[in-house]
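# Coordinate inspection notes
Letter by letter, the chains look like this.
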Amino acid sequence: MAKLATASQLLCPLLTLLLLLCPCNAFYLPGTYMHTYAQREEIYAKVNSLTSIETELPFSYYSLPYCQPKGGIKKSAENLGELLMGDQIDNSPYRFRVNVNESLYLCTTNALNEHDVTLLKQRTRDLYQVNMILDNLPVLRYTNQNGAIIQWTGFPVGYTPDGSSDDYIVNHLKFKVLVHEYEGGNVKIIGTGEEGMGVITENDKNTMNGYEIVGFEVIPCSVKRDPDAMSKLNMYDPVDKVNCPLEIERSQPIREQERITFTYEVEFVKSDIKWPSRWDHYLKMEGAKVHWFSIMNSLMVILFLAGIVFVIFLRTVRRDLTRYEELDRESQAQMTEELSGWKLVVGDVFREPTYSKLMCVMVGDGVQILGMAIITIVFAALGFMSPASRGMLLTGMIILYLFLGIIAGYVSVRLWRTMKGTSEGWRSVSWSTACFFPGVSFLVLTILNFMLWANNSTGALPISLFFAIFALWFCISVPLTLIGGFIGTRAEPIEYPVRTNQIPREIPARKYPSWLLVAGAGTLPFGTLFIELFFILSSIWLGRFYYVFGFLLVVLLLLVVVCAEVSVVLTYMHLCVEDWRWWWKAFFASGSVAVYVFLYSINYLVFDLKSLSGPVSAMLYVGYAFIVSLAIMLATGTIGFLTSFSFVHYLFSSVKID
């Protein structure tokens, strides 16, 4: 108590000093910090990879004959997650001057050759979208479908009118930039802009007025202009405004020897939307709005069913324990004669399972993946990994996975010591743990990458990035896994409460295969996932934003509970029929949910991604679905196994057995 009082006396002044020194600047956690722009300040939009829900193969913006900026193409700094997702963010010639409405000329291309026409027509018919970014905001487009206003990010490369065999390119863009007037007053403005660089600290800027960009919208259209007259203009010369959309006769077709003129208009509109709320339009897009009531209803039903199973199971185990304890007190001899069910396998229940090394490796990898998932979703729910921070979610997951290798090594080696009773072979177990899941993922991704390389897609990882990822894994994850394994050799092995017989007990014949019950057990955990799974797949493959990480965290916690309950119930059922081979069955009782996730992914591919074209796109989808399903199997299987192991250990520790 004296030490605690002394510590409090030291901490209180320190905390008070920190609070006094801490400046009172508020900031918006997701995405970049706020940046204010002065009147007529120049801002340049950026362009990301061309994307399509038809092919899922991203391509570089400048793979098409678009206008290039005066200073040449410059790539923006990208994080690991953006590179892995196929993002390629470049500068563009689209210039905006704050609060200046203007209509400008960009450039006129050379006459289109056969290759240009073929490429433009292919990108148009594959529904490729141009993704433009201004102050970290993706451009929004509104369309009217069956009387409903639909929001999309990006705009199409071109379009093919109904009943026409000709394709038309989008070469005129009408931008609307929403700005919110910011009055500095006595509040210091902290700004990093798009690149996260620089801090406004000059005293004379404390009272300046500025403008924040809170919206970025576009109306794309096709306009046929006289290329000879337009080519005499310089970039950013004024041109006449256009009322979109135009008649087909006045649109720009994609044909050989055509020279295409690119122009754009920009209109600045003052808005009451404040900077922290500027992402609300994107997160409320049609099709990505989460059905809150459906999710809550599903969660309550699953929780109710799991509660019933848990209560019934507790009563059953308690009754068995009471009955066996009474038999012990009545007569030792009589007890031996009347023993039945799980107590008969007392000499075999902790017998080493087949492929014990593989089990240790899979449990270790499962702990690593589960830890990564929980920490990532918690941080995402707190706002650290919002859609405003492109690639941050994937980057965070990879970093967490690398550093959680120490836990994977510890768990796998300690489980190995428990099964074998010795530390011999722990290095092999540690190496296998470090290589199992990354090795399978690397093999699948390499095959998919060759497919992307063959199609010249920006989704293909450059060889330098391959070596960088390999170096991160070899220099961080592998050493930490080996260190964790070494710590596991120094930890005390888990002592079994009973001895194992030398001769295995014969398992009675059953009317139906036990694996059938194990395979069916995954349906209950899958019930907690399938609603969220639809929205997650839509966000990945249909370009929608997924933002309900709070609900995802609830679903994950509920999934952990259901997996634990299902695995324990099936383990108890197998022990009651004198089947002591519960190890792998406990793992796959909950891990079998991955089979249903994979089948649901295939169902989503067939019925919801009908527009996905080509074998390469389908192979990409199946490959990524396989990796995710494998990760889910390892994580959920580990939950089931560790819970069942704890239950079996507790169950046989609770009964006196001679």
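Residues numbered from 1 in each chain as written. Predicted model: local features only at pLDDT ≥ 70, side-chain atom pairs only at ≥ 80, totals over all residues. Heavy atoms only, no water.

### Let's talk about the overall build of the protein chain
Here is the rule we go by: Note on conventions: DSSP H or I runs of at least 4 residues are helices, E runs of at least 2 residues are strands, and numbering of each starts at the N terminus. Partly exposed describes any residue whose relative accessible area lies between the buried limit of under 20% and the exposed limit of over 50%, with all areas from a 1.4 Å probe on protein chains only and scaled to the type maximum. Residue contacts are defined here by distance: any two heavy atoms, one from each residue, within 4.5 Å place the two residues in contact. Only the protein chains shown count as cover for residues, and the accessible areas themselves come from Shrake-Rupley with a 1.4 Å probe.
Secondary structure summary: the protein chain contains 19 helices and 14 strands in total. A burial count over the protein chain gives 51% of its 658 residues as buried. When contacts within the protein chain are restricted to residue pairs at least 6 apart in sequence, those whose partners lie at least 24 apart make up 83%. When the accessible area of the protein chain is evaluated, it comes to approximately 32,400 Å², of which 63% is carbon and sulfur surface.

### Some thoughts on the state of the cysteines
For clarity, the cut-off: Cysteine sulfur atoms that pair up within 2.5 Å are treated as a disulfide.
In the structure shown here, the tally under the stated rule is two disulfides. At a sulfur-sulfur separation of 1.8 Å, the disulfide partner of C67 is C107. Its torsion about the S-S bond being -90°, the disulfide of C67 and C107 is classed as left-handed. With a gap of 40 residues between them, C67 in the loop between strand 1 (42–47) and helix 2 (80–84) and C107 in strand 3 (residues 102–108) connect regions that are remote in the sequence. C107 shares its class with C67; the two are buried.

### Observations regarding unusual backbone geometry
As a rule of thumb, non-glycine residues mostly have phi less than zero, and peptide bonds are mostly trans rather than cis. The phi dihedral of D135 is positive, around 50°, even though this residue is not glycine. With respect to the helices and strands, D135 occurs in the loop between strand 5 (132–134) and strand 6 (137–138). Looking at D135, the relative accessible area reads 2%, which means it is buried. The residue Q257 is not glycine, and still its phi comes out positive at about 70°. Along the chain, Q257 turns up in the loop between helix 4 (227–230) and strand 14 (261–270). A relative accessible area of 58% places Q257 in the exposed class.

### Looking at the confidence of the model for the protein chain
Note that predicted coordinates carrying low pLDDT should not be read in detail. For clarity, the cut-off: Looking at any residue, its pLDDT shows the predictor's confidence there, from 0 to 100.
On average, the protein chain scores 80 in pLDDT, and the residues at 70 or more come to 80%. In this model, residues 1–31 is a region of pLDDT below 50 whose contacts with residues beyond four sequence positions or in other chains number 15 contacts.

### Regarding the sheet that holds strand 6
Keep this limit in mind: We call two strands paired when DSSP finds no fewer than two bridges between them.
The sheet built from four strands is open, its strands ordered 2-1-5-6 with antiparallel pairing. Taken across any chain shown, the strands that pair with only one partner, and hence form the sheet edges, are strand 2 (90–97) and strand 6. In the sheet, strand 1 pairs with strand 2 via five bridges, with the strands oriented antiparallel. Counted as the bridge partner of I43 is F96 from strand 2.

### Some details on the nonpolar core
This is how the line gets drawn: Think of a nonpolar core as a cluster: buried Ala, Val, Leu, Ile, Met, Phe, Trp, Tyr and Cys residues, connected wherever their side-chain atoms sit within 4.5 Å.
Residues Y94, F96, M132, F175, F216 and F652 are the most contacted members of the largest nonpolar core, which totals 119 residues. Among residues more than four places away in sequence, those in contact with F216 are F96, M132, I133, L134, L137, P138, V139, L140, F175, K176, V177 and Y282. Counting eight residues, the second-largest nonpolar core is a separate cluster that includes L558, V562, L570 and A589.

### So, helix 11 (residues 426–454)
We apply this condition: To estimate how far a helix should extend, the number of its residues minus one is multiplied by 1.5 Å. Note on bend: at a given residue it equals the angle between the axes fitted to the 7 residues ending there and to the 7 starting there.
Relative to the 42 Å expected for 29 residues at 1.5 Å per residue, helix 11 spans 42 Å between its end C-alpha atoms, a close match to the ideal helical length. By the largest-angle criterion, F436 marks the main kink of helix 11, which is about 35°, and a proline, P438, follows within four residues.

### Details of the packing of helix 8 (residues 356–381) against helix 19 (residues 615–653)
Spelled out, the test is: Every axis corresponds to a line fitted to the C-alpha atoms, with the helix fit spanning only the stretch in contact, and the corresponding angles, defined between N-to-C directions, vary from 0 to 180 degrees. Put simply, angles under 35 degrees are roughly parallel, angles over 145 are roughly antiparallel, angles from 65 to 115 are roughly perpendicular, and the rest are oblique.
One can describe the packing of helix 8 onto helix 19 by two numbers: an axis separation of 7 Å at closest approach and a directional angle of 105°. The pairing of helix 8 with helix 19 is recorded here as roughly perpendicular in orientation. Contacts from M359, M362, V363, D365, G366, V367, I369 and L370 of helix 8 reach helix 19 at A631, M633, L634, A635, T638, I639, F641 and L642.

### Points about the pairing of strand 8 (residues 148–153)
Here is the key point about a regular strand: its side chains alternate between the two faces of the sheet. Two elements, strand 7 (residues 140–145) and strand 8, share six bridges in a ladder whose sense is antiparallel. Among the inter-strand pairings, Q145 is bridged to a residue of strand 8, identified as A148. Connecting strand 7 to the next strand, strand 8, in antiparallel fashion are two residues, including N146 with a positive phi near 55°.

### Side note on the side chain of T395
Its location among the elements puts T395 in helix 9 (residues 392–403). Leave out the neighbours within four places in its chain, and T395 touches N79, L80 and G81.

### With respect to the pattern of salt bridges
Inclusion rule: Any Lys or Arg side-chain nitrogen found within 4 Å of a carboxyl oxygen on Asp or Glu counts as a salt bridge.
Tallying each qualifying case throughout the model produces 15 salt bridges. With a shortest N-O distance of 3.6 Å, K176 and E217 are connected by a salt bridge. Taken together, the residues span a long stretch of sequence, with K176 in strand 12 (residues 172–183) and E217 in strand 13 (residues 209–221) at a distance of 41 residues. Judged by relative accessible area, E217 falls into the buried class, the value being 16%.

### Overview of a nonpolar patch on the surface
Heads up, the condition is: Exposure above 30% relative accessible area and the lack of any salt bridge qualify a residue for a patch; like charges then connect within 9 Å, and the nonpolar side chains Val, Leu, Ile, Met, Phe, Trp and Tyr within 5 Å.
Nonpolar side chains collect at one region of the surface, where I375, V378, F379, L382 and F384 lie side by side and expose about 410 Å² of accessible area between them. Topologically, V378 is positioned in helix 8. Note on V378: relative accessible area 32%, which makes it partly exposed.

### Thoughts on helix 9
Count 3.6 residues to each turn of an α-helix, and residues three or four apart come out pointing the same way. Between its first and last C-alpha, helix 9 extends 17 Å over twelve residues, near the 16 Å set by a 1.5 Å rise per residue. The complete set of buried residues in helix 9 reads T395, G396, Y401 and L402. Looking at the buried positions of helix 9, the neighbouring elements they touch are helix 2, helix 8, helix 10 (405–420), helix 11 and helix 12 (463–490).

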